[in-house]
Amino acid sequence: MGTVGSKEKRIRIEKSVSVSDGQGGNTVTWALRCVVQAHERPLTGAEALRAAQVTAVLSSCWEIWYRSDISVKDRIRFGSRILSIESFVDPTDTREELHVYCSEVQQ
C-alpha cells in the first residue's frame, strides 16, 4: 500500500464516448472521467511486431486511490502519453487503493 506522498503524478482518466459524425454514423472521442493523483510503477518493456515494424510496448502499474467507476474501456493520459487500461485490482480488498495495469505503445 502506498502513502499520500508517493502519489506525485496527476493523471487524467478518460472514457470513450460515441458521438454522431453528422453523416448518420458515429465516431469515438474521449471525455474526461476524472483527474487523480497516482504513482507509476514501470513493469516490463517488450517489443512487438505491428504493421511489419518493430514497436516498443511498455507495461506499467498506476497506483491510485480506490474508485468504483474505472473500466477497461478507459484510458490514462499523462502529459503526451496515452496508456490503454488492461486490468485493475484492489490489492488488499479494503477499497483504499486501486492498481491499474496499463500498456503503452511507444513510437
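Predicted model, so just to flag it, every value in this text is computed and none were measured. (Residues numbered from 1 in each chain as written. Predicted model: local features only at pLDDT ≥ 70, side-chain atom pairs only at ≥ 80, totals over all residues. Heavy atoms only, no water.)

So, on to the pairing of strand β6 (residues 97-106). Where a strand is regular, its side chains alternate between the two sheet faces. β6 sits mainly inside the fold: 7 of its 10 residues count as buried. Of the pairings in the sheet, the one linking strand β5 (residues 81-89) to β6 comprises 5 bridges and is antiparallel in character. Its bridge partner lying in β6, F88 is registered against V100. (Buried < 20%, exposed > 50% of the residue type's maximum accessible area, 1.4 Å probe, protein only. Helix = DSSP H or I, 4+ residues; strand = E, 2+ residues; numbered from the N terminus. Pairing = 2+ DSSP bridges.)

Once that is clear, we can look at the pattern of salt bridges. Pairs may arise between side chains of opposite charge once their charged atoms sit close together. As enumerated under the stated definition, the model contains 10 salt bridges in all. Measuring nitrogen to oxygen at the nearest pair gives 2.8 Å for the salt bridge that ties R81 to E40. In this pair, R81 sits in strand β5 while E40 sits in strand β2 (residues 26-50), placing the two residues 41 residues apart along the sequence. Between D69 and R67 there is a salt bridge whose closest N-O contact spans 2.8 Å. R67 sits in the partly exposed class, given a relative accessible area of 25%. Connected via shared salt-bridge partners are K9, E40, R81 and E104. (Salt bridge = Lys/Arg side-chain N within 4 Å of Asp/Glu carboxyl O.)

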